[in-house]
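Next come the chains, spelled out residue by residue.
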Amino acid sequence: MSITAPASVIALATTALVAAVPTAHAEGEVNLYSSRHYDTDERLYSDFTDMTGITINRIEGKADELIARMEAEGANSPADILLTVDTSRLERAKDAGVLQSIESEILEDRIPSNLQDSDNQWFGFSQRARIIFYDKADVAEPPMDYVSLADPKYNGMVCHRSSSNVYSQTLLASVIENHGKEAATAWAQGVVDNFARDPEGGDTDQLRGLVSGQCDISISNTYYFARALRRDVSGVTEAIDTIGWVFPAQDAEGAHMNLSGGGVAANAPNYENAVKFLEYLASDQAQQYFSAGNDEFPAVPGVPLSESVAKLGDFKPDGVDLSAVAKNVPEAQKIFNEVGWK
């Protein structure tokens, strides 16, 4: 499988939608608990309502807080859907018992098997590749895979996020899955040895570190860089031509992918509406919005990319089972602690 970049752009308009506190079962409603914090998702919600007549009531918060809330609410929870970012959080929700298995031929057929739970408790709807960025003026031979980030020749050149960040955790978890625990530990130690600074900031800050000269190589999700291609991002866009990028491991496992997805709540009072909403997220229309509105890669193969995402070029994504990767996160955290990755 490869992700290609057709020249198709979907223009997004900003649509207002008032968040309401979910209530019990009511015809024509669905109660969404979401940790996605993107204003452009408003278009997804309003279009679904326009198409179906189903009103979306939202509660927004951090993923762990929403999962804990659903646990505390138990059988009385008004939640119909949990929507969140990263496979580890989706697996955490499954392990907590707040999701349920569903039957949907549409989701089974459209979402690739490695992007959905084996028990049909969650499905991925958009992706971000976690790739290598570098200062073109200072790095003549950038690392071409994740393993090479630990090469001593890059000593004092690498910026990365902290070990407490879920993107860091799932990247190391994927290294464990693809290369084994021993190799993953050696890799993590090598990256720590090559740090230009202690881990700090978000993904955009890793790109800003390249522009400011604090580091020469960094790791970030693609949608942060694609966003800077599409509109002004302070500290990045003004020097974006100085930044090069590499989709890692193209001759091996492929680029690591982070997933955004969702599932139906275990005690969903509006089950049928919840399934309809998830099926809508897998439609071509919604998949194009993920790309045009938030610079993400669609989960459904063959859906056209927005211009900013298409500029990044074609690449091979890692086809590893993301459920298996998520199960490695506790081991990844142990390794981070062992090697002193702050």
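All of these numbers come straight from a predicted model, not from anything done at the bench.

Caption draft 1: Structural context of the overall build of the protein chain. Across its full length, the protein chain carries 13 helices and nine strands. Here the C-alpha atoms of the protein chain give a radius of gyration of 20 Å, agreeing with the 20 Å that 2.2 N^0.38 yields for 342 residues. Put simply, the protein chain has 342 residues, and 58% of those count as buried. When contacts within the protein chain are restricted to residue pairs at least 6 apart in sequence, those whose partners lie at least 24 apart make up 79%. Surface exposure of the protein chain reaches about 13,600 Å², of which carbon and sulfur atoms provide 47%. Of the side-chain charges in the protein chain, 26 are positive and 51 negative, and the distance between the mean point of each set is 4 Å.

Caption draft 2: Quick look at the environment of Thr185. Along the chain, Thr185 turns up in helix 6 (residues 181-193). With a relative accessible area of 15%, Thr185 lands in the buried category. Through-space distance from the C-alpha of Thr185 to that of Leu172 is 8.9 Å; in sequence the pair is 13 residues apart. With residues near it in sequence (within four places) discarded, Thr185 still touches Ile335, Glu338 and Val339.

Caption draft 3: Quick peek at the pattern of salt bridges. Taken as a whole and judged by the stated rule, the model has 20 salt bridges. The salt bridge involving Arg58 is made with Glu60; its shortest N-O contact spans 2.7 Å. A single network of salt bridges, built from pairs that share partners, joins Arg36, Asp41, Arg128 and Glu296.

Caption draft 4: Summary view of the state of the cysteines. Applying the stated criterion across every chain, the model contains one disulfide. What pairs with Cys159 in a disulfide is Cys215, and their sulfur atoms sit 2.4 Å apart. Between Cys159 and Cys215, the S-S torsion sits near -115°, and that sign places the bridge as left-handed. Taken together, the residues Cys159 in strand 5 (residues 158-159) and Cys215 in the loop between helix 7 (203-212) and strand 6 (217-221) connect sequence positions 56 residues apart.

Caption draft 5: Local environment of a negative patch on the surface. Together, Glu103, Glu105, Glu108 and Asp109 give the surface a local cluster of negative charge. Residue classification places Glu108 among the partly exposed positions, given a relative accessible area of 40%.

Caption draft 6: Region of the structure containing the side chain of Asp86. Looking at the element boundaries, Asp86 is found in the loop between strand 3 (81-85) and helix 3 (87-95). We note that Asp86 is buried and unpaired, the nearest opposite charge coming from Arg89 at a distance of 6.1 Å. Excluding residues within four positions of it along the chain, Asp86 makes contact with Val166, Tyr167, Thr170, Asn258, Leu259 and Ser260.

Caption draft 7: Representation of the confidence of the model for the protein chain in the model. Looking at the protein chain as a whole, its pLDDT mean stands at 91, while 92% of the residues score no less than 70. pLDDT under 50 marks residues 5-26. Its contacts with residues more than four places away, or in other chains, come to 46 contacts.

Caption draft 8: Structural detail: the packing of helix 2 (residues 63-73) against helix 3. Closest axis-to-axis distance for the helix 2/helix 3 pair is 10 Å, and the angle between their directions is 10°. Classified by the angle between their axes, helix 2 and helix 3 sit roughly parallel to one another. Facing Ala63, Asp64 and Ile67 of helix 2, the residues of helix 3 in contact are Arg89, Arg92 and Ala93. Split by residue class, the contact of helix 2 with helix 3 holds three nonpolar, no polar and three charged.

Rules used in this analysis
- The residue count restarts for each chain, going from 1 along the sequence in the order it is written.
- In keeping with the predicted nature of the model, local features appear solely for residues at pLDDT of at least 70, side-chain atom pairs appear and are counted solely at 80 or more, and the whole-chain, interface and lining totals rest on all residues.
- The basis for every side-chain value is the complete set of non-hydrogen atoms in the structure, without hydrogens or water.
- Each helix corresponds to a stretch of at least 4 residues labelled H or I by DSSP, and each strand to a stretch of at least 2 residues labelled E; elements are numbered beginning at the N terminus.
- Note on method: radius of gyration uses C-alpha positions; expected globular size equals 2.2 Å times residues raised to 0.38.
- Only protein chains enter the area calculation, which uses a 1.4 Å probe; residues under 20% of their type maximum are buried, those over 50% are exposed, and those in between are partly exposed.
- A contact between two residues is defined here by any heavy atoms of the two lying within 4.5 Å.
- For the accessible areas, the method is Shrake-Rupley and the probe is 1.4 Å, while residue cover comes only from the protein chains on display.
- His is not counted, nor are the chain ends, whereas Lys and Arg count as positive and Asp and Glu as negative.
- The location of each charge is read from NZ of Lys, CZ of Arg, CG of Asp or CD of Glu.
- What counts as a salt bridge is simple: a side-chain nitrogen of Lys or Arg found within 4 Å of a carboxyl oxygen of Asp or Glu.
- A pair of cysteine sulfur atoms is labelled a disulfide when the two atoms are within 2.5 Å.
- Patch membership is restricted to residues that have no salt bridge and whose relative accessible area is over 30%. Joining uses 9 Å for like charges and 5 Å for the nonpolar side chains Val, Leu, Ile, Met, Phe, Trp and Tyr.
- A score from 0 to 100, pLDDT tells how confident the predictor is in each residue.
- Note on geometry: axes are C-alpha line fits, over the in-contact stretch for helices, and angles between N-to-C directions span 0 to 180 degrees.
- Orientation categories follow fixed angle ranges, with anything under 35 degrees roughly parallel, anything over 145 roughly antiparallel, 65 to 115 roughly perpendicular, and all other angles oblique.
- In the scheme used here, Gly and all other residues not listed as nonpolar or charged are polar, with Ala, Val, Leu, Ile, Met, Phe, Trp, Tyr, Cys and Pro taken as nonpolar and Asp, Glu, Lys and Arg as charged.

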